[in-house]
Structure formats: C-alpha cells, structure tokens
Amino acid sequence: MTLRVLVAKVGLDGHDRGVNVITRLLRDAGIEVIYTGLFQSPDAVARSAVDEDVDVVGLSILSGAHQTLAPLVVAALRHLGSDVPVVVGGIIPANDVAPLIASGVAATFGPGSSIEEIVTTLECLHESTSP
Amino acid sequence: MWGRACGKSETSFADSGVRVIYRSGRSQWHDAYEESPAARSHATTQSGVDLDPVYGPDDAEFPGVYPYTRGIHPAMYRSKLWTMRMFAGFGTAPETNQRFRDIISSGGTGISTAYDMPTLLGLDSDDPRALGEVGRCGVAIDTLDDVRDLYEGIDLSATTTSMTINAPAAPIFAMFVANAEAHGVARHLLGGTLQNDILKEYQAQHEYVFPPRASLRLVRDTMVFATQEMPRWHPLSVSGYHIREAGSTAAQEVAFTLANGFAYVELARRAGLALDSFAPKLSFFFNAHIDFFEEVAKYRCARRLWATWMRDFYGALDERSWQLRFHAQTAGVSLTAQQPDNNHARTAIEALAAVMGGAQSLHTNSFDEAWTLPSSDAARVALRTQQVIAHETNVTRVADPLGGSWFVESLTDQLQREVGTLLEEILEIGGGSMLEGCLIGIDNGWFEGHIADSAYVHERAVQSGERIVVGVNAFTEIESSSPLNQAEGDGESRQRERLARVRRSRSDEAVRESLTTLRTDALECDTNLMEALMGTARAHATLGEIMNTLADVFGRYQAPER
C-alpha cells in the first residue's frame with residue numbers, strides 16, 4: 001500500500017523552499033504527500049494528520065524553534081489518540097537531536113540529507129508502527 | 001482599485017532593449033569622470049604598473065553613463081568604496097545594540113537590523129503564537145522602548161541604518177522616526193533604507209500580514225512620506241535576494257525584482273508623486289551567489305535593463321532615476337552545514353562577484369550561519385573578508401574590470417534576453433501594467449510556481465550528484481564538525497519582561513486614543529498613515545496592537561490553496 005505522509009510547516013517560519021522540494025521528491029519516490037501550507041499550529045497539524053489518516057508526519061522547521069514546536073505536535077497527536085510517528089527536517093544541530101527524540105520525535109533530517117535516506121527512514125517507521 | 005497601463009509603448013518593448021546597441025563613448029565618460037571625486041586620481045598595481053580608471057575602446061559602454069551596464073559611477077570604487085553594511089539582530093534590543101557597536105568599532109560603515117519572526121509578522125513577544133521564536137532569528141521589537149535601546153549611543157545622523165522588515169515596515173519606520181526625533185535628530189537628517197518590499201513576500205519569503213493591495217497602501221504612505229520629508233531616506237529596497245534564496249534562477253531573480261520595482265514606480269505615480277522625485281530614492285537588493293561570472297553578468301544586465309525601461313518605457317528624465325543602486329548579500333543558501341569552514345571560501349568568492357558587479361553596499365555572511373546566528377567572531381571575519389577585498393586586492397582601482405570580456409559581455413546579453421522575455425510576460429499578464437501583472441501573478445501562483453520549479457531542478461541535480469556541493473555530495477571524507485555558537489539563552493523571557501514593564505508604565509488611555517486615530521485614518525484610503533503611526537509609537541502602543549488595529553480595517557492575507 002502507498003505510504004501516506006503529511007508534510008507540515010508549524011509556527012511562524014515562512015521558508016518553504018525545502019518543504020516544496022521535499023514534497024515533490026517524495027512524490028517522485030511514489031509516496032502520497034499531503035502538504036498543510038504555512039503557519040500551522042501544532043493542534044491543526046495533529047488534526048489534519050488524524051483526518052487524513054497518514055502514516056507519518058513530517059515537520060519542516062528552519063527557524064530554530066524545533067525544540068519548542070516539534071514536541072507540541074507530538075503531544076497534540078498523542079492527545080488525539082494517534083501514535084503516528086513524527087519526523088523533523090531542518091536546521092537541527094547535533095545537540096538538539098537527543099532531546100527531540102526524547103520528546104517523542106522518531107527521526108530528524110539535517111541539511112544535506114539525501115532523498116534515499118529520507119524515504120528509507122519513512123518506510124521503516126511505517127513498517128515498525130503499522131499493526 | 002488601480003487604473004490601467006502607464007507605459008507608453010504597447011508591444012515587445014523588452015526585445016528592443018536587446019537590439020539597440022548602446023555606444024556611450026569615452027567622451028561622455030570623460031566629462032562625468034572629471035566631475036567625480038576620483039578625477040585625476042592615480043593608481044598602480046602592487047608592482048607599480050599604472051592603471052587607468054576604466055578600460056575599453058572609445059565606442060564601448062562606459063561606467064557612469066547611460067545605460068550604466070558598467071556601473072553607476074564613472075570611477076566606481078576609486079570615488080567611494082561600497083558601504084560595508086552588516087546585518088545583525090538577535091535576542092533583545094540591548095544585545096543587538098552591543099553587536100551594532102562591535103560592528104562599527106570593527107570598521108563596519110553601516111548597520112542593518114534583522115528582526116525576529118514574531119516582529120516580522122507583527123506579533124508581540126507575549127503573543128502565544130510567538131512561543132519559541134522570540135529573539136531567535138533576529139531582534140524582538142515590540143515598542144518604542146525597544147527601538148530606543150536598539151540605537152542607544154549610535155549617532156543616527158552620521159550612521160545610515162537599514163531595516164529589513166516588510167509587512168510591519170510602516171509601524172517600525174514610524175517608531176524609528178519617532179525615536180530619533182525624541183532624541184533631537186530631525187527626520188530630514190536621517191539616512192538609511194527601509195526594505196518595505198511587500199510584493200516579494202507574497203512571491204517568495206511569505207512574511208505577509210495584510211492582503212497585497214492593503215499592504216501597498218502602506219508602501220505608498222511610506223514612499224510619499226519619505227519623498228516629501230526625508231531626503232536622505234530610501235523608503236524601499238526592491239529585493240531579489242529572497243527570490244533567489246527561495247530557489248529562483250539568476251534571470252528570474254532579476255526579472256521578478258525589476259518587475260516589482262516597476263510596480264512600485266507605477267504605485268508612486270498613482271499616488272501623485274513625480275517620477276523623478278521618487279525614482280532616485282529606490283534601491284535594490286540582490287543575491288551574490290556562487291556562480292561567479294553569472295552573478296557579475298546579472299548585475300550588469302539588471303542595471304542596463306532598469307535604465308532602459310525607466311528612460312524609455314516610464315519616461316524618467318533625471319539620470320538618477322535610470323541608475324540602479326544595489327545592496328548585495330552573499331548567498332545564505334550556498335552555505336553548507338557540512339564542513340562549515342568551507343563557507344569562508346564561498347563567501348569570499350561571492351563577495352568578490354558583488355564587487356566585480358558594482359555593488360553599492362554589501363553584507364557578507366558568516367561561515368557559521370548554516371547552523372546558527374553568527375557569533376561575534378564569525379561576523380568579524382565576514383567583515384574582514386570585505387576589508388581584504390577592498391584594501392588588499394586592488395580590484396577597486398579599475399571600474400568594471402570584467403567589461404569587454406567576450407564571455408561576460410555575451411552572458412550579460414543572454415541574461416538580458418531571458419529577463420526581458422519574463423518582464424514582457426509579466427507586463428502582458430497585467431494588461432500593460434507591471435503593478436497589475438505582479439498582483440495577478442501573486443494571486444494565481446505564477447511567481448511561486450516558477451521559483452519552486454527552479455528549486456526542484458536544482459535539488460534534483462544535487463541529489464543525483466550532477467551538481468557538486470563540496471562537503472555535501474563530494475569530498476565528504478571528513479566528519480562534519482558540529483555547530484559552533486548556539487545562540488541559546490533566555491532572550492524570550494527577558495523580552496517578555498521588558499514588554500510587561502512597558503505595558504505597566506504607559507498610559508492606556510493615550511494608547512487607546514492613538515489607536516483610534518490610526519483606525520479612523522486607515523478607513524480613509526487617501527489619508528497617509530505615517531503621522532497616525534508615529535502617534536501610536538509615541539504612546540508606546542505595541543507592534544501587535546498597531547498591526548491588529550490595521551488588520552481590523554485591512555483584513556489578513558490567506559494564501560490561496562494550491
């Protein structure tokens with residue numbers, strides 16, 4: 001079955017070059033992608049993820065606010081009873097990765113990540129979380 | 001709302017710019033040179049070989065002469081070096097003020113403020129939506145008190161300042177003027193630049209608040225105010241930088257930026273400003289990317305096209321209206337998080353391209369910016385990079401040193417043709433009006449589509465290895481070193497405390513009155529809002545209160561779903 005991914009921009013970060021490109025590259029790889037558009041609240045992202053019944057949520061954050069925003073998205077999803085995995089792409093310094101994982105983020109992708117690496121990770125996450 | 005067409009020719013104007021061969025000639029240049037500050041200056045190479053101020057056959061294009069392909073001044077940097085304007089901002093106003101002072105004491109010749117995301121979107125630091133973003137990507141500005149602390153101890157009549165802000169440009173500008181006047185500096189003495197280019201926000205950077213036409217009313221008001229009252233101020237910096245960073249090609253960067261520039265020219269004319277009173281106050285802001293010769297050709301073709309269109313299409317008579325002045329910034333997007341030390345080399349090459357291309361002002365990025373806000377040390381090295389180019393390399397002694405190169409001249413012409421075709425298309429979309437073309441292209445996603453397509457093509461080439469990025473997809477044997485100066489800290493809570501203090505100490509009644517006046521004025525389309533905005537600044541209204549008052553009248557922009 002086709003992997004379904006919700007790609008989302010949370011917070012005030014309007015940089016969408018990365019999210020636009022990754023959306024198209026994921027589609028090229030045969031993944032079904034739903035993109036939320038800019039300036040979403042964590043709650044809105046969680047609701048969309050549940051409504052769209054996606055397999056993975058991917059957040060794009062380039063403003064440096066990932067430590068604040070990503071855990072809020074994870075919490076909002078769990079609050080809605082969803083255990084869908086959340087991954088974060090953006091400028092994420094090495095020191096920030098462990099706290100993000102501890103807050104429930106499943107994987108992070110820093111600058112220069114290859115599309116193969118991203119696709120493989122998404123597929124693994126999906127396999128390991130699907131019943 | 002807007003009338004139609006203000007150009008005088010109907011068809012295929014862009015083409016004609018290519019076919020007409022400009023031969024300004026040495027004699028015209030010579031007259032201009034004799035009146036320049038560099039007249040009769042003497043320069044040699046490091047080893048003592050004499051250097052002319054410019055080279056070329058007598059019938060070539062020359063700098064300082066229409067269409068200014070080779071630069072806007074006859075002797076370029078022999079007359080005046082570019083302004084080394086460093087962009088900075090983080091945390092609270094006092095912290096950024098300290099960085100400004102560091103820049104000035106290190107020999108920086110201008111300052112430029114980076115605002116945080118909440119400020120750029122007109123939100124107060126205590127707004128729930130600002131959580132996690134206060135003071136992070138720039139400095140937080142909520143009230144006049146922050147503006148006061150930002151410029152504390154800096155002589156605003158001697159140092160030119162630049163404000164990189166767009167949707168809330170008018171209120172922030174009003175706070176700046178009100179603060180200067182409160183410190184005894186009259187508005188006509190203030191020199192600097194307000195970015196204020198809202199069109200590219202809808203096209204590329206996405207820091208918008210109000211719908212486009214309402215935003216343009218604020219742009220109009222700042223332009224009229226500055227034109228009438230602030231002779232040293234540039235109220236608008238038409239910015240291609242963000243268009244390029246969002247993924248456009250060089251030709252798209254120039255085309256969309258010039259189209260936006262022409263749109264503002266049409267806006268100013270509709271507001272009743274005489275073209276030649278306003279156009280010389282426009283400035284531009286371009287990217288300095290890594291493809292060295294393409295960048296040099298890009299600046300050359302941008303100057304030629306601006307001059308041609310302003311003179312022949314818009315009918316400007318003053319030669320200063322034909323001259324495209326620009327600030328450049330090295331390409332943030334070219335910096336790599338991997339092996340960040342390599343970014344020193346990238347920035348130096350890009351800065352050299354901006355100088356070879358005749359920039360009036362330059363910001364050099366710090367090598368650590370792929371990861372974080374620049375550390376003070378990294379920002380100093382970035383400034384030193386400009387100083388090495390300016391004072392050691394001798395490239396400043398001859399104007400347009402690459403002019404006449406068969407390659408660079410051909411590339412200039414090729415880019416000009418590509419840009420001309422795009423300009424022609426935007427004009428057609430707008431039914432003969434560049435302003436309408438820009439607005440329609442924003443509404444229907446034309447600009448964003450072009451930019452996203454180019455970004456995608458670029459990324460595919462990087463992913464496939466066809467385009468090499470050193471340290472990213474080639475030469476990756478070294479482990480990437482991790483980031484350097486993590487600008488963490490409690491800037492957010494400090495700023496909230498600062499704001500709470502202002503809220504406690506100000507007169508709520510004065511705030512209410514000033515906001516009521518603003519609202520009343522905003523309802524009258526023809527009223528200039530600058531005085532009302534300065535009233536809100538003096539009453540210590542917050543940026544969020546001011547923007548919410550305007551949003552009640554203007555509405556908020558919702559990007560169309562695509």
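Preceding block: the structure.
Residues numbered from 1 in each chain as written. Chains lettered and ligands numbered in written order. Predicted model: local features only at pLDDT ≥ 70, side-chain atom pairs only at ≥ 80, totals over all residues.

Caption draft 1: Representation of the overall build of chain A. Of regular secondary structure, chain A possesses 5 helices and 5 strands. Start at the N end of chain A and walk to the C end: the helices and strands fall as β-α-β-α-β-α-β-α-β-α. Computed over C-alpha atoms, the radius of gyration of chain A comes to 13 Å, within 12% of the 14 Å expected from 2.2 N^0.38 for 131 residues, which places it in the range of a compact globule. Here the C-alpha coordinates of chain A stretch approximately 35 × 30 × 25 Å along the principal axes. Buried positions account for 50% of the 131 residues belonging to chain A. Within chain A, contacts between residues separated by at least 24 positions form 70% of all contacts whose residues are at least 6 apart in sequence. (Helix = DSSP H or I, 4+ residues; strand = E, 2+ residues; numbered from the N terminus. Rg over C-alpha atoms; globule rule 2.2 N^0.38 Å. Buried ≥ 20, exposed ≤ 12 C-beta atoms within 10 Å, placed from the backbone. Contact = placed C-beta atoms within 7 Å.)

Caption draft 2: Representation of the interface of chain B and chain A in the model. Facing 30 residues of chain B, the contacting portion of chain A comprises 26 residues. Elements supplying a minimum of two residues to the side of chain B that touches chain A: α4 (117-120) and α18 (446-464) of chain B. When grouped by side-chain class, the residues that make up the side of chain B that touches chain A number 15 nonpolar, 9 polar and 6 charged. (Nonpolar A, V, L, I, M, F, W, Y, C, P; charged D, E, K, R; others polar.)

Caption draft 3: Structural view of the sheet that holds strand β5 (residues 161-164) of chain B. Read across the open sheet, the 9 strands follow the order β7-β6-β5-β4-β3-β11-β10-β9-β8 (chain B); overall the sheet is parallel. Looking at which strands have only one partner, the edges of the open sheet turn out to be β7 (233-234) and β8 (236-239) of chain B. (Pairing = 2+ DSSP bridges.)

Caption draft 4: Region of interest: the nonpolar core. Residues Val57(A), Ala70(A), Val73(A), Val86(A), Ala174(B), Ala259(B) and Leu533(B) are the most contacted members of the largest nonpolar core, which totals 206 residues. Per-element tally for this core: the top contributor is helix α10 (residues 250-270) of chain B, with 13 residues. Leaving out residues up to four positions away in the same chain, Leu533(B) has contacts with Ala170(B), Pro171(B), Ala174(B), Leu518(B) and Ile546(B). (Core = buried A, V, L, I, M, F, W, Y, C linked by C-beta atoms within 7 Å.)

Caption draft 5: Broad picture of unusual backbone geometry. Residue and element names in this part refer to chain B. Cis geometry is found at the peptide bond from Tyr-66 to Pro-67, where omega equals 0 degrees. You can see Pro-67 is positioned in the loop between β2 (50-51) and β3 (83-88). Phi is positive for His-206, which is not a glycine, with a value near 70 degrees. Take His-206: it is sitting in the loop between α7 (199-205) and α8 (212-229).

Caption draft 6: Structural view of the pairing of strand β4 (residues 86-90) of chain A. All names here are of chain A. In terms of residue burial, β4 counts as a mostly covered element, since 5 of its 5 residues are buried. Of the two faces of β4, the one carrying Val-86, Val-88 and Gly-90 and the one carrying Val-87 and Gly-89 are both buried. Across 5 bridges, the pairing between strand β3 (residues 56-61) and β4 is parallel. By the bridge assignment, Leu-59 is partnered in β4 with Val-88. In this fold, the crossover linking β3 to β4 by way of helix α3 (residues 66-79) has right-handed handedness. As paired elements, β4 and strand β5 (residues 107-109) share 3 bridges and run parallel to each other. Pairing of Gly-89 across the sheet is with Phe-109, part of β5. (Right-handed = clockwise from strand over helix to strand, strands pointing away.)

Caption draft 7: Local environment of the pairing of β3(B). Residues and elements named next belong to chain B. Most of β3 is tucked away: 5 of the 6 residues are buried. Here 2 bridges tie β3 to strand β11 (residues 361-363), and the two strands are oriented parallel to one another. Its bridge partner lying in β11, Met-84 is registered against Leu-362. Where the polypeptide runs from β3 across helix α3 (residues 93-105) and back to strand β4 (residues 110-114), its parallel neighbour, the crossover connection is right-handed.

Caption draft 8: Region of interest: the sheet that holds β3(A). All names here are of chain A. Spatial strand order, β2-β1-β3-β4-β5: 5 strands in an open sheet with parallel pairing. Across the chains shown, the open sheet's two edge strands, defined by having one partner strand only, are β2 (32-35) and β5. In this sheet, neighbouring strand axes are inclined to one another by 25 degrees on average, regardless of whether the strands run parallel or antiparallel. (Axes fitted to C-alpha atoms, helices over the stretch in contact; angles between N-to-C directions.)

Caption draft 9: Region of interest: the environment of Trp306(B). All names here are of chain B. Within the fold, Trp-306 resides in helix α12 (residues 292-313). With 44 residues separating them in the primary sequence, Trp-306 and Phe-262 have C-alpha atoms 8.8 Å apart. Among all residues touching Trp-306, those that are not within four sequence positions of it are Leu-258, Gly-261 and Leu-324.

Caption draft 10: Spotlight on helix α22 (residues 543-554) of chain B. Residue and element names in this part refer to chain B. The end-to-end C-alpha distance of α22 is 16 Å, a good match for the 16 Å that 12 residues give at a rise of 1.5 Å each. Three or more residues of α22 are buried, namely Leu-543, Gly-544, Glu-545, Ile-546, Met-547, Thr-549 and Leu-550. Elements that come into contact with the buried residues of α22 comprise α4, α6 (169-182), α20 (508-523) and α21 (530-538). Gly-555 occupies a position one or two residues after α22 and carries a positive phi of about 85 degrees. (Expected span 1.5 Å × (residues − 1).)

Caption draft 11: Local environment of the environment of Glu425(B). Relative to the helices and strands, Glu425(B) resides in helix α16 (residues 406-429). Separated by 33 residues in sequence, Glu425(B) and His458(B) place their C-alpha atoms 23 Å apart.

Caption draft 12: Looking closely at α16(B). All names here are of chain B. Taking 1.5 Å as the rise per residue, α16 with 24 residues should run 34 Å; its terminal C-alpha atoms sit 35 Å apart, in good agreement. Looking only at α16, the buried set comprises Val-408, Leu-411, Thr-412, Leu-415, Gln-416, Val-419, Gly-420, Leu-423, Ile-426 and Leu-427. Within two residues after α16, Gly-431 carries a phi angle of roughly 60 degrees, on the positive side.

Caption draft 13: Representation of the packing of α20(B) against α21(B). Residues and elements named next belong to chain B. Contact geometry for α20 and α21: axes closest at 8 Å, N-to-C directions at 165 degrees. By the angle between their directions, the pair α20 and α21 is classed as roughly antiparallel. The crossing of α20 and α21 is left-handed. Of the residues in α21, those touching α20 at Ser-514, Leu-515, Thr-517, Leu-518 and Asp-521 are Ala-532, Leu-533, Gly-535 and Thr-536. Of the residues belonging to the contact of α20 with α21, the class tally is 4 nonpolar, 4 polar and 1 charged. (Parallel < 35°, antiparallel > 145°, perpendicular 65-115°, else oblique. Left-handed = near helix turned anticlockwise from the far one by under 90°.)

Any link to function would need more than the numbers given here.
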